[in-house]
Amino acid sequence: MKLFDNIDLEKLKKGLTKTRTKLFNSVTEVFTGKIKIDDETLEKLEEILISADIGYELVEKIVENVRVKLKSEKDRSNISIINTIKDELTQIFVTEKSNEEKIDKKPYVILIVGVNGVGKTTTIGKLAYNFKRSGAKVIVGAADTFRAAASEQLNIWAERASADLIHKQSGADPSSVAFDTIKKAIDEKYDVAMIDTAGRLHSKTNLMSELDKIKRAINKVLPGAPHDTYLILDATVGQNALIQAKEFIKVTDITGLVITKLDGTAKGGSVFQICNAQKIPIKYIGVGERIDDLQKFDSTSFVEAIFGNEKIK
Amino acid sequence: MFEDLSLKLETALKKVRGQGRLTEKNISDSLREIRRILLDADVNYKVAKEFIERVTEKALGKEVIASISPGQLITKIIFDELVVLLGSDRSELKINASGITTLMAVGLQGSGKTTFCGKLAKRLKENKRKILLVAADVYRPAAIEQLKQLAEKIGISVFSIEQPDARKTVKEALKFAAQQNFDTLIFDTAGRLHVDGEMMKEIADIKEIVSPNEILFVVDAMTGQDAVNSAKTFNETVDFDGIVLTKLDGDARGGAALSIRSVVGKPIKFVSNGEKLDSLEVFHPDRLASRILGKGDVISLVEKAQQGFDEKEAELLEEKLKKNKFDFDDFLKQIKVIKKMGSLSSLIGMIPGMNSQIQNEQIDDRALVKVEAIINSMTLKERENPKILNGNRRKRIARGSGTSIQDVNRMIKQFSQMQKMIGKISGKGGLSKSSLKNLNFN
């Protein structure tokens with residue numbers, strides 16, 4: 001099944017324009033005309049990377065690597081410096097064997113998790129739209145029975161995407177919503193079923209174990225499911241994203257990340273550290289509030305878009 | 001307080017020992033350490049740099065007096081400086097004694113504006129204000145519905161109109177409030193990106209129409225380096241009056257608050273921590289300062305303990321302790337309380353000084369699970385009267401709980417030691433709920 005063929009690189013670049021311009025300008029500002037790599041230059045590089053939320057520890061490592069590499073290489077023009085950093089950053093991402101979405105189960109079950117306010121429901125709406133576009137029969141389950149009007153919100157997104165919805169009254173057991181959704185998906189031969197969960201801070205133990213319960217409910221009705229569990233991360237969040245990833249992984253075998261709100265000035269750089277430590281692929285990025293503002297993540301174009309190769313002369 | 005930070009700085013400050021005063025040279029290592037701590041807490045790069053400069057200025061030339069170590073001295077300087085920066089200008093909400101008071105929440109998507117509006121409404125309602133919540137987020141699906149559901153829980157009216165027009169909504173709301181004698185209006189506006197020109201124009205227009213007594217910028221405590229950019233643009237556009245820090249019930253260090261304070265110079269007015277509608281607090285700069293420095297947060301630990309503690313259960317337990325009748329069933333209940341509070345490692349992390357010491361040792365939460373399983377495999381009679389636990393019973397319990405007989409023996413031995421301890425304490429009337437309550441953590 002060919003999904004996400006609507007993605008074009010231009011849109012991704014546009015979504016990341018602010019990010020790119022800022023970083024690129026800073027980088028060229030630092031390096032143009034400067035051949036000598038002095039401490040001041042490296043400090044400026046450090047500032048650029050830290051300001052992108054990449055995190056002190058990793059930045060220190062990158063800067064050190066750059067220092068060592070450039071000492072040994074003859075070509076110290078700005079292009080080689082940018083390429084060096086770009087290489088360092090690209091290497092961090094997990095390379096996936098295939099870029100194609102493999103929907104090899106029916107129904108293919110995706111569980112969506114994350115802390116409060118990161119954009120889980122919006123992301124489900126966008127995903128449902130993309131799956132629908134590729135011709136799949138899609139159902140979504142509103143397992144956020146806690147937050148006021150969460151299921152109403154999902155309902156509106158489901159309508160926009162022409163996907164079907166299972167929901168229950170507020171305060172209902174989220175696991176039972178998940179169970180019913182998957183059951184219906186099996187009985188009525190849906191291709192894709194997605195479960196929206198309530199936002200939960202990773203530090204709240206009881207909410208995290210609720211997640212485990214939802215997972216078990218899904219697994220009970222369909223062994224092997226969920227086939228994917230996506231952790232939604234907000235690009236504006238700083239170093240706490242690392243702890244979020246760590247804690248969610250403990251309870252739910254995260255198979256992919258989705259980075260939202262990349263249409264602002266936040267750079268979402270904390271994903272570098274997450275991918276470095278956890279080796280989890282980033283699946284999609286969210287670049288706006290419209291239903292088609294979800295892009296398939298591609299490490300090369302992500303880093304390319306950040307540094308904007310086309311501008312280097 | 002701050003043993004953890006002091007310890008780190010102590011190592012960095014070895015050079016200073018034996019020297020009379022702090023100099024640029026002998027404190028440079030510790031300043032680097034502080035910088036790392038601030039950056040890890042999401043304090044903005046430039047803000048951290050300025051902060052270090054300020055601290056250096058204050059520290060230089062300070063005499064190292066015999067009674068305290070250089071590490072303690074620098075820690076104190078840093079902490080005091082942080083507290084000053086975070087909240088030297090605490091101020092209350094500007095509420096008109098007569099006539100209509102208008103309050104407005106603004107911020108990025110997902111920062112927690114709607115929930116905050118609900119909490120604020122609940123708080124003001126308790127002060128006998130007649131409140132109208134205005135649903136001015138006409139974009140996000142079901143945002144109005146969310147506000148309505150929150151309002152219903154606390155018995156407050158919501159104003160909204162059919163058309164998706166925020167400017168019109170606020171205009172009509174003002175008219176409606178005047179007719180219906182509402183005295184306090186809380187405007188919940190749509191989340192918007194600071195780079196969205198159209199939406200920023202809308203918020204400026206709404207401000208113009210309403211001219212609110214207070215505009216509050218609602219920001220997620222987990223925000224990273226970009227906090228300065230959004231706060232700055234929002235401040236330039238609407239010149240907000242105060243900051244609300246949300247989701248502090250998580251484990252984010254909240255360095256963004258320092259960044260925003262430094263960039264816009266507006267006071268932090270509320271801390272919103274939790275999804276329950278009464279979890280809105282006034283801001284305590286000292287608590288946040290210790291959080292940013294990555295210090296044990298004893299206050300949060302106590303709060304967590306209180307959450308897990310059931311008043312009636314506690315009284316029952318106190319009674320039992322006094323009579324020295326603490327049995328396995330009570331023990332099981334205690335374990336459940338502890339588990340409700342979170343993982344052992346996260347709890348230990350809150351105890352000042354503990355974090356660094358146990359960092360390399362694995363804290364095994366499964367140990368508790370084992371104990372639970374063992375107790376669960378006992379009969380009610382055995383739980384009440386551990387003395388009857390003979391070899392056969394122990395063997396059965398080990399099988400039932402999937403543990404070894406050694407595990408069971410060890411657990412029972414530890415328990416009887418604990419019982420003896422409790423006997424001693426309760427004999428003196430030492431451990432009681434009231435004494436727990438009176439613990440002073442300042």
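Residues numbered from 1 in each chain as written. Chains lettered and ligands numbered in written order. Predicted model: local features only at pLDDT ≥ 70, side-chain atom pairs only at ≥ 80, totals over all residues. Heavy atoms only, no water.

Attention now moves to the interface of chain B and chain A. Contact residues are listed per partner, giving 41 residues for chain B and 41 residues for chain A. In total, about 3400 Å² of surface goes out of reach between chain B and chain A, with carbon and sulfur atoms giving 53% of it. In terms of surface lost to chain A, no three residues of chain B exceed B:Y45, B:M222 and B:E275, which account for 18% of the buried area on that side. Where chain B meets chain A, there are 4 salt bridges. Its salt-bridge partner being B:D249, residue A:K204 comes within 2.6 Å of it at the nearest N-O pair. Applying the counting criterion to the chain B and chain A interface returns 20 residue pairs in polar contact (both at pLDDT 80 or more). Sorting the residues of the side of chain B that touches chain A by element identifies α2 (24-40), α3 (45-59), α6 (143-154) and α14 (328-341) of chain B as the ones contributing at least two each. Ranked by residues supplied to the side of chain B that touches chain A, first place goes to α2(B) with 5 residues. Tallied by class, residues from the side of chain B that touches chain A come to 11 nonpolar, 13 polar and 17 charged. (Contact = heavy atoms within 4.5 Å. Buried area = accessible area lost by both parts, 1.4 Å probe. Salt bridge = Lys/Arg side-chain N within 4 Å of Asp/Glu carboxyl O. Polar contact = N/O pair within 3.5 Å; in protein donor to acceptor, adjacent residues only side chain to side chain. Helix = DSSP H or I, 4+ residues; strand = E, 2+ residues; numbered from the N terminus. Nonpolar A, V, L, I, M, F, W, Y, C, P; charged D, E, K, R; others polar.)

A few words now on the packing of aromatic side chains. Any aromatic ring pair is given by two values, namely how distant the centres are and how the planes are angled relative to each other. Counted by the stated rule, this structure contains 9 aromatic pairs over all chains. Both rings, one in B:F217 and one in B:F234, keep their centres 5.2 Å apart while their planes meet at 40 degrees; by these two values the pair is tilted. Remark: B:F234 occurs in helix α9 (residues 227-238) and B:F217 occurs in strand β5 (residues 214-220); sequence separation between them is 17 residues. Three or more aromatic residues joined by ring pairs form one cluster here, namely A:F93, A:F272 and A:F297. Just above the ring of B:F182 sits the side chain of B:K130; from NZ or CZ to the centre is 4.4 Å. The residue whose ring lies beneath B:K266 is B:F240, and the NZ or CZ to ring-centre distance is 5.3 Å. (Phe/Tyr/Trp six-rings, centres within 6.5 Å; stacked < 30°, edge-to-face > 60°. Lys NZ or Arg CZ within 6 Å of the ring centre and 35° of its normal.)

Scanning all chains against the criterion turns up 2 cavities of 30 Å³ or more. Of the volumes computed, that of the largest cavity is approximately 70 Å³. Taken together, A:D234, A:T236, A:K261, B:L108, B:Q109, B:G110, B:S111, B:V218, B:V219, B:D220 and B:T223 make up the lining of the largest cavity. At 3 residues, β5(B) tops the list of elements feeding residues into the lining of the largest cavity. Across the lining of the largest cavity, the residue classes tally to 3 nonpolar, 5 polar and 3 charged. (1 Å grid on protein atoms, 1.4 Å probe; cavity = no way out; pocket = protein on both sides within 12 Å on 5 of 7 lines; lining within 4 Å. Points joined across faces, edges and corners; volume = space filled by probe spheres on them.)

By themselves these figures say nothing about function.
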